[in-house]
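# Examining the three-dimensional arrangement
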Amino acid sequence: DLSARDRVKLCAQMLQMWEKWAEICEIKILCSTTIRADQTGFLHLHKRAGYLVRGSVAYKRLNS
């Protein structure tokens with residue numbers, strides 16, 4: 001029942017929290033995948049957050 005804007009905000013916050021958790025755990029590389037039929041918006045969020053996107057997989061090297 002959330003608006004598209006609210007869903008995007010939640011996904012962006014989720015990426016930020018996931019990165020913070022990975023840094024605390026000293027994880028060097030994050031990998032995010034999707035099997036969504038419409039994955040463009042989801043992967044665009046990753047690009048904006050600094051991920052390298054290849055197909056339906058996004059990677060980010062962290063500075064831990």
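As shown above, the structure is provided for reference.
Notes on the structure in this doc start here. None of these values were measured; they are calculated from a predicted model. Counting starts from 1 at the beginning of each chain's written sequence and moves along it residue by residue. A pLDDT threshold of at least 70 governs which residues receive local features in this predicted model, and a stricter bar of 80 or more applies before side-chain atom pairs are shown or counted, although totals over entire chains, interfaces and linings include all residues. The side-chain figures draw on all heavy atoms in the structure; neither hydrogens nor water molecules are used.

A few words now on the sheet that holds strand β2 (residues 52–54). DSSP bridges decide pairing: two strands pair if at least two such bridges lie between them. Working definition: helices are DSSP H or I runs of at least four residues, strands are E runs of at least two. Numbering for both runs from the N terminus. Strand order in the open sheet made by the three strands is β1-β3-β2, with antiparallel pairing throughout. Edge positions in the sheet fall to β1 (29–33) and β2, since each of these pairs with one other strand and no more. With direction set aside, neighbouring strand axes in the sheet form an average angle of 20°. Bridging between β1 and strand β3 (residues 57–61) involves five bridges; their strand directions are antiparallel. The residue of β3 that forms the bridge with Ser32 is Ala58. All axes here are fitted lines through C-alpha atoms, helices being fitted over the stretch that makes contact, and every angle between N-to-C directions spans 0 to 180 degrees.

Another aspect to go through is the state of the cysteines. Any pair of cysteine sulfurs within 2.5 Å is marked as a disulfide. Inspection of every chain in the model, using the stated rule, returns zero disulfides. Cysteine Cys11 shares no disulfide, and the gap to the nearest cysteine sulfur, in Cys31, comes to 17 Å.

A few words now on the nonpolar core. Nonpolar side chains in soluble globular proteins generally cluster together in the buried interior. We define a nonpolar core as any set of buried Ala, Val, Leu, Ile, Met, Phe, Trp, Tyr and Cys residues linked to one another through side-chain atoms lying within 4.5 Å. Only protein chains enter the area calculation, which uses a 1.4 Å probe; residues under 20% of their type maximum are buried, those over 50% are exposed, and those in between are partly exposed. Counting 10 residues, the largest nonpolar core is built from Leu15, Ala22, Leu30, Phe42, Leu43, Leu45, Tyr51, Val53, Ala58 and Leu62. At the level of secondary structure, the elements contributing two or more residues to this core comprise α1 (4–24) and α2 (40–48). Among residues more than four places away in sequence, those in contact with Phe42 are Ser32, Thr33, Thr34 and Arg36. Residues count as neighbours in contact if any of their non-hydrogen atoms are within 4.5 Å of one another.

Right, let's get into α2. Taken together, the buried positions of α2 are occupied by Phe42, Leu43, Leu45 and His46. Within α2, the buried residues cover an arc of 145° as seen down the axis, which keeps them to one side. Among the exposed residues of α2, those oriented more than 90 degrees off its buried face are Thr40, Lys47 and Arg48. Buried-residue contacts for α2 involve α1, β1, β2 and β3. Directly after α2, the chain includes Gly50, whose backbone phi takes a positive value near 95°. As used here, the arc belongs to the directions running from the helix axis to the C-beta atoms.

Attention now goes to the pattern of salt bridges. Basic side-chain nitrogens of Lys or Arg form a salt bridge, by our definition, when they fall within 4 Å of a carboxyl oxygen of Asp or Glu. Summed over the entire model, instances satisfying the criterion amount to one salt bridge. A salt bridge links Lys60 to Glu19; its shortest N-O distance comes to 3.0 Å. With Lys60 in strand β3 and Glu19 in helix α1, this pair connects stretches of sequence that are 41 residues apart. Accessibility assignment for this pair places Lys60 and Glu19 in one class, buried.

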